[in-house]
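Each chain, written out:
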Amino acid sequence: MNSFRILSVVVLTFLGSAVFAQSKTEKIKVAGNCGMCKKKIETALKVNGISTADWNKTTKVLTVSYDSTKISNDQIQQKVAAAGYDTPKFKAPKEAYEKLDDCCQYDRTGKAGETH
């Protein structure tokens, strides 16, 4: 009988945590140019809370699926910017942008996240 109670508590704990997890998928405009950019952007998002990140170099759109109880959209955009790529909310620091390979240095004349 005690083992049944323990098992019940364990099952309810796992179900409860699954219910509270807030899985979201969002699209974020990210400046960049090439396949190397894709790799760097996606690698920057290999962190706890993000399940998938896929940047399309043609559309310049990052599709990211994440657990909003572990990471926010702003934190995701900050990680991308820290890697050297502008997003709608965060412009990459000059030092991070300048470390990008020449082929990855996109036009920064517009607002954060815009590409021309």
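This report concerns the structure included in the present document. (Residues numbered from 1 in each chain as written. Predicted model: local features only at pLDDT ≥ 70, side-chain atom pairs only at ≥ 80, totals over all residues. Heavy atoms only, no water.)

Among the 7 residues of strand E3 (residues 61-67), 5 are classified as buried, and the element is accordingly described as predominantly covered. Pairing analysis gives 7 bridges linking strand E1 (residues 23-29) to E3, with the strands arranged antiparallel. Its bridge partner being in E3, Lys24 is matched across the sheet by Tyr66. Looking at chain direction, strand E2 (residues 50-56) and E3 are connected through 6 bridges and run antiparallel. Across the sheet, residue Asn56 finds its bridge partner in E3, namely Val61. Linking E2 to E3, which pair antiparallel, is a turn of 4 residues; within it Lys60 sits at a positive phi near 65°. (Buried < 20%, exposed > 50% of the residue type's maximum accessible area, 1.4 Å probe, protein only. Helix = DSSP H or I, 4+ residues; strand = E, 2+ residues; numbered from the N terminus. Pairing = 2+ DSSP bridges.)

Attention shifts here to the sheet that holds E1. With antiparallel pairing, the 3 strands of this open sheet are ordered in space as E1-E3-E2. The open sheet has two free edges, formed respectively by E1 and E2, since each of these has just one partner strand. The average angle at which neighbouring strand axes cross in this sheet is 15°, direction not considered. (Axes fitted to C-alpha atoms, helices over the stretch in contact; angles between N-to-C directions.)

Quick look at the packing of aromatic side chains now. Two descriptors summarise a pair of aromatic rings, namely the distance from one centre to the other and the angle between the planes of the rings. Per the counting criterion, the structure on display carries 2 aromatic pairs. With a centroid separation of 6.1 Å and 25° between ring planes, the pair formed by Tyr85 and Tyr106 is classed as stacked. Within this pair, whereas Tyr85 is found in the loop between helix H3 (73-82) and helix H4 (94-98), its partner Tyr106 is found in the segment after H4, the two being separated by 21 residues in sequence. With a centroid separation of 5.0 Å and an interplanar angle of 75°, the aromatic rings of Tyr97 and Tyr106 are classed as edge-to-face. Of the two residues, Tyr97 and Tyr106, neither departs from the other in class, the shared state being buried. (Phe/Tyr/Trp six-rings, centres within 6.5 Å; stacked < 30°, edge-to-face > 60°.)

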